[in-house]
Amino acid sequence: QVQLVESGGGLVQAGGSLRLSCAGSGRAFSNYVMGWFRQAPGKEREIVAGITWSGSTTYYMNSVKGRFTISRDNAKNTVYLQMNSLKPEDTAVYYCAVRLIGGTWTVKSVASWGQGTQVTVSS
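Residues numbered from 1 in each chain as written. Predicted model: local features only at pLDDT ≥ 70, side-chain atom pairs only at ≥ 80, totals over all residues. Heavy atoms only, no water.

Asks: An account of the pattern of salt bridges is requested, with residue identities and associated values reported.
Replies: On inspection of all chains with the given rule, the structure shows 3 salt bridges. Linked through salt bridges whose partners overlap, the residues forming this network are Arg38, Glu46, Arg67 and Asp90. (Salt bridge = Lys/Arg side-chain N within 4 Å of Asp/Glu carboxyl O.)

This is the structure we're talking about:
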C-alpha cells in the first residue's frame, strides 16, 4: 500500500501563495492517478484538483480554476499543488490521495490518504 506524506501548509494572508507537496512511496507511484482534497471545519471533504499518471490530464473544482495548479514529478514520486491568490475560504486541511483507476473525483474513489496539512488564509 502506498504511503503519502504532505508538506507545505501554513498560515498566509489573503492574496498570498503556498505550494503543497505530497511525497509517495513505492515504485508504482508513476502509475497512480493522484488528487488533492480539502476539508474545512464542519464541511465534507471535497476534491480540489486531480492529475493522471502522465500529467497530461488535470481536473479542478470550479472555485480554484485559474488560481491553483496541480503537477507531478514521477522521478521524485511527488505531486504538487501550487496555490495562488489564496482566499480565506480556502482555509482547510488539505489531503493528498491516490484515486482508483476508473473512479471519479470523489471521496468514494480514493484508495489511499495522506495525513493532511493545514492551510490557513487570514483576511
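Asks: Requested: an account of the sheet that holds strand 1 (residues 4-7), with residues and values cited.
Replies: The strands making up a sheet are joined through hydrogen bonds of the backbone, oriented either antiparallel or parallel. Taken together, the 4 strands give an open sheet; going across it, the order is 1-3-8-7, and neighbouring strands pair in antiparallel fashion. On the outer flanks of this sheet lie strand 1 and strand 7 (68-73), each paired with one strand and no other. For this sheet, the mean inter-axis angle between neighbouring strands, taken without regard to orientation, is 15°. Of the strand pairs in this sheet, strand 7 and strand 8 (residues 78-83) are connected by 6 bridges, and their pairing is antiparallel. (Pairing = 2+ DSSP bridges. Helix = DSSP H or I, 4+ residues; strand = E, 2+ residues; numbered from the N terminus. Axes fitted to C-alpha atoms, helices over the stretch in contact; angles between N-to-C directions.)

Asks: I'd like a description of the state of the cysteines, backed by residues and values.
Replies: Evaluation of the coordinates by the stated rule reveals 1 disulfide. Residue Cys22 pairs covalently with Cys96 via a disulfide, S to S 2.0 Å. Taking the sign of the torsion about the S-S bond as the criterion, the disulfide between Cys22 and Cys96, at about -80°, is left-handed. Of the two residues, Cys22 is situated in strand 3 (residues 18-24) and Cys96 in strand 9 (residues 92-99); the sequence distance between them amounts to 74 residues. (Disulfide = S-S within 2.5 Å.)

Asks: Run through the packing of aromatic side chains, naming residues and quoting values.
Replies: What the rule picks out here adds up to 4 aromatic pairs. Ring geometry for Tyr59 and Trp105: centres 5.9 Å apart, planes at 15°, overall stacked. With a gap of 46 residues between them, Tyr59 in strand 6 (residues 58-60) and Trp105 in the loop between strand 9 and strand 10 (110-113) connect regions that are remote in the sequence. Residue classification places Tyr59 among the partly exposed residues on the basis of a relative accessible area of 33%. Judged by relative accessible area, which is 19%, Trp105 ranks as buried. Aromatic pair Tyr95 and Trp113: ring centres 6.1 Å apart, planes at 80°, arrangement edge-to-face. Pair noted here: Tyr95 is in strand 9 and Trp113 is in strand 10, with a separation of 18 residues, a long-range link. Classification of Tyr95 as buried rests on a relative accessible area of 14%. In this structure Trp113 comes out as partly exposed when scored by relative accessible area, which is 31%. The structure contains a cluster of three or more aromatic residues connected by ring pairs, namely Phe37, Tyr95 and Trp113. (Phe/Tyr/Trp six-rings, centres within 6.5 Å; stacked < 30°, edge-to-face > 60°. Buried < 20%, exposed > 50% of the residue type's maximum accessible area, 1.4 Å probe, protein only.)

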